[in-house]
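Overview (structure and organization)
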Amino acid sequence: MVKMKTLFAVLMALVAQLQLQAQSTAINPSLLTGIWPAAWIACPGAPAREYGVYHFRKTWSLSEKPDHFVVNVTADNRYRLLVNGTPVSSGPARGDLYNWYYETVDIAPYLRSGNNTIAALVWNMGTLAPVAQISNRTAFLLQGNTAKEAAVNTGRDWKVLHDSAYTPCSTDNSERLQAYIVVGPGDEVRGNVYPWGWEQPGYDDSQWANAITIPTGATPVGYGTDNYWTLAPRSIPLFEETRQRIPALRRSDLAQPPTGFPDGQHPLTVPANSTVHLLLDQTYNTVAYPELQVSGGKDAVVKLTYAEALFDKNGQKGNRNDINGKEIKGNTDIFHPDGGADRKFRPLWLRTYRYLQLEVTTAGEPLVITDIYGMRTGYPLQLKAAFSCNDSSLLQIWQTGWRTAKLCAGETYFDCPYYEQLQYEGDTRIQALISLYTSGDDRLVRKALMDFYHSRTPEGQPQGRYPSNRLQVIPTFSLFWITMIHDYWMHRPDDAFVKQFLSAMKDVLDWHERGIDPKTGMLGPLSWWSFIDWVPGLENFSGGAEHNSAIRTLHYAYTLAQAAELAAYFGQTENATHWRQLAKLLNTHTYSLCFDATRGVMADAPSRKSYSQHANIMAALSGALSSKELPQVLQKVLTDKTLSQATFYYRFYLTQALKKAHMADVYYDQLGPWRDMLQLGLTTFAEKPEPTRSDCHAWAASPNYDFLATICGIVPDAPGFKKVLIAPAMGALQEVKGVLPHPAGDITVSLTRNKAHGVTGSVVLPAGITGRFSWEGKEIVLHAGSQQIHL
């Protein structure tokens, strides 16, 4: 038993060390293997699980400024940590109660000899919390990394204040916007009861209560017997905030607003006893913490409204640049100034907006708006890829797709930053590939794979979105989780990480196999929500209806083939053989019952009452079509408008199908929907064609993957990206250049068509990487380093 415990401790330490690669400051290993000395603390007399905002403080003295002073910090729901008045960390990264993340931060740069104050703003949104927020109860925890930092460990010597200045607002967003919006409430803050300066050294907290400790240990993963939270090191990097000025005041009730406002240099005064509307335009969609700075204006009310676009009288967005005849509708915050000087309002959680309207109603004093700007934040993706070509319009698509991908990357991948901020497998599979191809950063990809792994239900299905405090299972998305595992395996040499998912992957496939109808040999109606696409008849809100059974069955066969490759690689020969045979049977039965020889396409189900691009896309990807039929069917997919048309989401799979049919050259001609969005003034890519709910949806950023993977043709040709295949599909383009960040270094492709319908150029591969270059049936062996292409 002792040996088993020792082995377990070693294994847990190794796992944690892998997670800690994401953070620049290392946690003390001793904190990974037992209960922490620090205690979870809370505010006495405050409700444990209801809405509340709290301030925690501790002042202590240092004989000299230290070189390092490392702390580990977390809270439920969230915290913002400040040292001597300077914000240093926010979190925790979203997880669940079994994996409650904490941040490890070196606060030494903010300390000084003598007295120092460490403070935390902590809040719990209660029943109004975002759906992505899992919670147990309100609490705060800070643990010094070693004995040197133990003086700041949370306990009863910390002071706490329950801040009554905060109340929730904008709780009717779904009703007002007639849309699914679950990002939490807005903040209404009364300045006359807010404890201004509470985070600063020297603030008098003598009237504050001492914190109470919560009767549960601060316990890392693998330890404890009565845990409220099980602590895990943050597995993604810390986020930074960058000031982002708002360049344009587009509309104002004031006769002569100051020229330059809101540039931070020209204050704007709202007269006493008046109401003024100020419509600000960031000029592009963003995710940021807005910060409003005001003076005076006692008893005024400032309402901030955020929107991706304005709406006309018919509720349509139209061109996003146009404001005439349009109004703003969106989530809101409300601030009540107390009349003091240099007051700053900042919401507790980030906001998504292009347009920000200030509605200011003053009482007996004028209100001076000295500044308003955003503090841009999010996952720190860095663009390390590059793409260019002779068609400059593709650069705008590339730039807009990159902005879309960045705004949809936070502590998890977001489906959309304005409405949901939820991580779905269907969205995340595409987002993960974009991250790998454009930034080379795989940390959020790994976290997403683990998040879904942690979400599994008793049936073995990963939840359709996670983290989430509401249950949702989407069987089609469970299959895409397996595809994500396959993607990661092909793009990263990380066998140990991939191998842990194999048994869970089998559970998903077995669940689907139990759903095969013995009468048809196809999937029958499945429980839960078998979503396919935002297309009439394919949303499947009522479950896996018969009329989509071909799409779902072929999707299952497509996934089985990928799972078989993984199983064979990891020595699970029996599973690999079974899954290949099952995929073949599913394809055969589906083709027999659903392929309409008269129309030359696959129907959505044996009844042949409906037809879609989707069924034929999956028929191509699953191998249900012969090599002769494949291009013929896909040509009909491209031209037959009677088929239900794929939205931006499923067009990603259309491109994959075209590549399989050696028809990828038509991809360039399929970019019309993205050009249309740009013509409508979108600065990020939308959820679906007009009318769309979300103006920023990362699955629509797939060109940022395909410009490199399809036009430049750079894809893995062996697990771990140990070999590369470059099969460019330039379409009508004459010149393309691409740089892809590979784990071993950059892959660079520079190609030009020649008059003989061939191609010339160069390819550079990183050290240790080999591959092949394919062009119209001809191949060249590629070696590490630079080589010339002449075909």
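1. Quick word on the side chain of Gln656
Its place among the elements puts Gln656 in helix H13 (residues 648-660). Residue contacts for Gln656: discarding those within four places in its chain leaves Leu621, Tyr705 and Asp706.

2. Looking at the environment of Asp299
By the secondary structure assignment, Asp299 is in the loop between strand S19 (275-296) and strand S20 (301-307). According to the relative accessible area criterion, Asp299 is exposed, its value standing at 56%. A sequence separation of 37 residues divides Asp299 from His336, and the C-alpha atoms of the two residues are 6.3 Å apart. Not counting chain neighbours up to four residues away, the residues in contact with Asp299 comprise Pro337 and Ala363.

3. Points about helix H15 (residues 703-711)
Buried residues dominate H15, accounting for 9 of its 9 residues. Taken together, the buried positions of H15 are Pro703, Asn704, Tyr705, Asp706, Phe707, Leu708, Ala709, Thr710 and Ile711. Directly after H15, the chain includes Gly713, whose backbone phi takes a positive value near 75°.

4. Here's the deal with the pattern of salt bridges
In total, this model carries 29 salt bridges according to the counting rule given. Close ionic contact of Asp205 with Arg57 constitutes a salt bridge, the shortest N to O distance being 3.0 Å. One end of the pair, Asp205, is in the loop between strand S11 (186-190) and strand S12 (209-210); the other, Arg57, is in strand S2 (residues 52-62), and 148 residues separate them in sequence. The burial state of Asp205 is the same as that of Arg57; both residues are buried. Between Arg346 and Glu241 there is a salt bridge whose closest N-O contact spans 2.8 Å. Of this pair, Arg346 sits in the loop between strand S22 (343-345) and strand S23 (351-361) while Glu241 sits in the loop between strand S15 (230-233) and strand S16 (242-245), placing them 105 residues apart in sequence.

5. Thoughts on the nonpolar core
Counting residues in hydrophobic clusters, the biggest one holds 152 residues, and the most contacted among them are Trp481 and Ile726. Counting residues per element, this core draws most heavily on helix H9 (residues 549-569), which supplies 11 residues. Not counting the four nearest positions on each side in its chain, Trp481 is found in contact with Glu425, Leu449, Phe452, Tyr453, Pro462, Phe501, Ala504, Met505 and Val508. Counting 38 residues, the second-largest nonpolar core is a separate cluster that includes Met125, Trp208, Leu304 and Ile372.

6. Some points on the sheet that holds strand S31 (residues 723-726)
Taken in spatial order, the 4 strands line up as S30-S31-S35-S36 in an open sheet, and their pairing is mixed. The open sheet has two edge strands with one neighbour each: strand S30 (714-716) and strand S36 (778-782). Averaged over all neighbouring strand pairs, the angle between strand axes comes to 25°, with direction disregarded. Bridge count for S31 against strand S35 (residues 770-775) is 4 bridges, and the pairing is parallel. Each residue of the ladder has a partner; that of Val724, found in S35, is Gly771.

7. Some words on the packing of aromatic side chains
Following the criterion strictly, the structure yields 42 aromatic pairs and no others. Ring centres of Tyr228 and Trp229 lie 5.6 Å apart, and the angle between their planes is 50°; on these two criteria the pair is classed as tilted. Since its relative accessible area comes to 0%, Trp229 is described here as buried. Arranged with centres 6.4 Å apart and planes meeting at 70°, the rings of Phe480 and Tyr649 form a pair that is edge-to-face. With a gap of 169 residues between them, Phe480 in helix H6 (residues 475-491) and Tyr649 in helix H13 connect regions that are remote in the sequence. By the burial criterion, Phe480 is buried, and Tyr649 matches it. Sitting above the plane of the Phe239 ring, Arg234 keeps its charged end 5.0 Å from the centroid.

8. Considerations on the sheet that holds strand S4 (residues 78-83)
Across the sheet, which stays open at both edges, the 6 strands sit in the order S5-S4-S7-S2-S9-S12 with antiparallel pairing between neighbours. The sheet terminates laterally at strand S5 (86-91) and S12, the two strands that pair on one side only.

9. A short note on the packing of H9 against helix H10 (residues 573-594)
Where H9 meets H10, the closest approach of the two axes is 8 Å, and the angle between their N-to-C directions is 160°. It follows from the interaxial angle that H9 and H10 lie roughly antiparallel. Once H9 is placed against H10, the crossing between them reads as left-handed. Contacts from Ala550, Thr553, Leu554, Tyr556, Ala557, Leu560, Ala563, Ala564, Ala567 and Ala568 of H9 reach H10 at Thr573, Asn575, Ala576, Trp579, Arg580, Leu582, Ala583, Leu586, Asn587, Thr590 and Cys594. The residue makeup of the contact of H9 with H10, split by class, is 15 nonpolar, 5 polar and 1 charged.

10. Some words on the confidence of the model for the protein
Averaged over the protein, the pLDDT score is 95; the fraction of residues at 70 or greater is 96%. The low-confidence segment residues 1-20, where pLDDT is below 50, has 18 contacts with residues more than four positions distant or belonging to other chains.

11. Here we look at the side chain of Thr683
Among the structural elements, Thr683 can be located in the loop between helix H14 (672-679) and H15. In contact with Thr683, not counting residues within four places along its chain, are Thr283, Tyr284, Asn285, Arg354, Thr400 and Arg403.

12. Let's talk about helix H11 (residues 613-622)
By the criterion of burial, H11 is predominantly enclosed, with 10 of the 10 residues buried. Along H11, the residues classified as buried are Gln613, His614, Ala615, Asn616, Ile617, Met618, Ala619, Ala620, Leu621 and Ser622. Taking the backbone nitrogen of His614 as reference, a side-chain oxygen 3.3 Å away marks Ser612 as the first, capping residue of H11. The first or second residue beyond H11 is Gly623, which carries a positive phi of 90°.

Conventions used here
Residues numbered from 1 in each chain as written. Predicted model: local features only at pLDDT ≥ 70, side-chain atom pairs only at ≥ 80, totals over all residues. Heavy atoms only, no water. Helix = DSSP H or I, 4+ residues; strand = E, 2+ residues; numbered from the N terminus. Contact = heavy atoms within 4.5 Å. Buried < 20%, exposed > 50% of the residue type's maximum accessible area, 1.4 Å probe, protein only. Salt bridge = Lys/Arg side-chain N within 4 Å of Asp/Glu carboxyl O. Core = buried A, V, L, I, M, F, W, Y, C linked by side-chain atoms within 4.5 Å. Pairing = 2+ DSSP bridges. Axes fitted to C-alpha atoms, helices over the stretch in contact; angles between N-to-C directions. Phe/Tyr/Trp six-rings, centres within 6.5 Å; stacked < 30°, edge-to-face > 60°. Lys NZ or Arg CZ within 6 Å of the ring centre and 35° of its normal. Parallel < 35°, antiparallel > 145°, perpendicular 65-115°, else oblique. Left-handed = near helix turned anticlockwise from the far one by under 90°. Nonpolar A, V, L, I, M, F, W, Y, C, P; charged D, E, K, R; others polar. pLDDT = per-residue confidence, 0-100. Polar contact = N/O pair within 3.5 Å; in protein donor to acceptor, adjacent residues only side chain to side chain.

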